[in-house]
Amino acid sequence: MDATFTAEQDEIRRTLRELLLKRCGPEEVRAAVRTAAGHDPGLWETLAQQLGLPGLALPEAYGGVGCTTTELALAAEEMGRALAPSPLLATAALGAPLVLALGSADQRAALLPRIASGGLTAALAVPGAALTTALGLTGGNRGDWAGGGRAGGVQARRADGGWRLYGQADQVLDGHSADLLLVAAHTGGFARPRTLLFLVREGATRVRQTSLDETRTQGRVQFRDVEAELLGDDGPGADVGGVLARVGDSAATVLAAEAVGAADRVLERTVEYVKQREQFGRAIGSFQAVKHRLADLYVQVQGARSAAYYAAWATVEGRERVGGLALAQALEAQRTCAAEAVQLHGGIGFTWEHEAHLYFKRAAGDELLFGPVHRLRAYAAQEARLFGGGEVAV
């Protein structure tokens, strides 16, 4: 593995960091999350049209930049530093790769250029709280997580030569605002159960959910006899579960990089604060106990960064899937750094006005959505057969 970044990769990071420093400070973040969309449309337009972030990892044939997961992860790391609310994760890390992998030629030609330009946002709707299971990160992806029959979830039925959807999906990232929904639905009833992906453009009832982390918007989506279009085909060769697992590994890598960015930034802010805050006539950062705590955090962040970069490299090179492990390490580093930031900022760290609580809520919210850490690690260990091939209790 060559850990040296190219000039193009360094330029992506530098340009994006400069832009976010100007347009995405704590006050801008708070203002953006209170809008109907949950993000700043103007900033998203700039990120899409000037920097090409939604199409960063899409082929040039579909209007993308033609880069890889590594570049998308580097962009996500900078977005995480600023806690920038945007449709990037749901659209570029989840929606676009699924359309690229499973969509028909006509679907790819119609959707991917619009996604690459930022004119179309997408969201993956998975029933219940089964997103990480569907993506193959915390459980075996056998399709039963989509529900069916009396199990609830979302069901798809053929009607008049098309498909209709029934059911509900909660905790859908950007589900209330995305232009296009990719819905995982159960088909075939009890006799031949399968889980397929469908495209829904309109007709679904959407409600924005109140969430702990306002910078990561979620929505509840209900389907009552909603017209849907099958993504790709439903032939025996359609490996929806396998594609979801591959996309899940790359998405976990992007998420890990984003969490590393957030952890790194909140650590920087904490170091700046302890150099200024005085107690007993000296800066609190000069006390050995504080130095040790900060040194431990630094080591943890650098370890998580190395894991995220390795996962990105492994994804591009087609090596073993380690996105889940990288995500576990990054989420742990993000949680620890955010908690220590609140502690070391003292009383001011507990106030609503301070940015420390934004990072703490992001850390807690990410673990609720994509963790917990012990389940990510346990399933990775089970897949690697570290315990004699037996299942690991999670």
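Cut-off values and rules
- Residues numbered from 1 in each chain as written.
- Predicted model: local features only at pLDDT ≥ 70, side-chain atom pairs only at ≥ 80, totals over all residues.
- Heavy atoms only, no water.
- UniProt positions renumbered as here; feature names shortened; annotations may be inferred.
- Helix = DSSP H or I, 4+ residues; strand = E, 2+ residues; numbered from the N terminus.
- Contact = heavy atoms within 4.5 Å.
- Core = buried A, V, L, I, M, F, W, Y, C linked by side-chain atoms within 4.5 Å.
- Buried < 20%, exposed > 50% of the residue type's maximum accessible area, 1.4 Å probe, protein only.
- Pairing = 2+ DSSP bridges.
- Salt bridge = Lys/Arg side-chain N within 4 Å of Asp/Glu carboxyl O.

**So, the UniProt feature "domain: Acyl-CoA dehydrogenase/oxidase N-terminal" (unreviewed entry) in the protein chain**
- The residues that UniProt annotates with the feature "domain: Acyl-CoA dehydrogenase/oxidase N-terminal" (unreviewed entry) are residues 6–118.
- A helix fraction of 67% and a strand fraction of 0% characterise residues 6–118, whose end C-alpha atoms lie 25 Å from each other.

**So, the side chain of E77**
- Relative to the elements of secondary structure, E77 occurs in helix α4 (residues 69–82).
- Excluding residues within four positions of it along the chain, E77 makes contact with R13, A257, E258, V260, G261, R305 and Y309.

**Some thoughts on the nonpolar core**
- The biggest cluster of nonpolar side chains holds 100 residues, and the ones touching the most others in it are L165 and F223.
- Looking at this core element by element, the count peaks at 11 residues for helix α8 (residues 240–276).
- Core analysis: the second largest hydrophobic core is formed by 19 residues, L83, L267, Y273 and A338 among them.

**Observations regarding the pairing of strand β5 (residues 194–200)**
- With respect to burial, β5 is a largely interior element, 6 of its 7 residues being buried.
- The pairing of strand β4 (residues 180–187) with β5 spans 7 bridges and is antiparallel. Directly across from T187, in β5, lies its bridge partner R194.
- Bridge count for β5 against strand β7 (residues 218–230) is 2 bridges, and the pairing is antiparallel. Within β7, the residue paired with L199 across the bridge is E229.

**Comments concerning the pattern of salt bridges**
- In this structure the tally under the stated criterion is 23 salt bridges.
- Close ionic contact of E78 with R13 constitutes a salt bridge, the shortest N to O distance being 3.8 Å. Note that E78 is positioned in helix α4 and R13 in helix α1 (residues 7–23), a separation of 65 residues in sequence.
- For E78, a relative accessible area of 2% translates into the label buried.
- Taking the relative accessible area as the measure of exposure, R13 reaches 17% and is therefore buried.
- Across the pair R293 and E340 runs a salt bridge whose closest N-O atoms are separated by 2.5 Å. One end of the pair, R293, is in helix α9 (residues 288–317); the other, E340, is in helix α10 (residues 323–344), with 47 residues separating them in the sequence.
- Residues participating in the shared-partner salt-bridge network are R13, R17, E77, E78, R81, D264, R265, E268 and R305.

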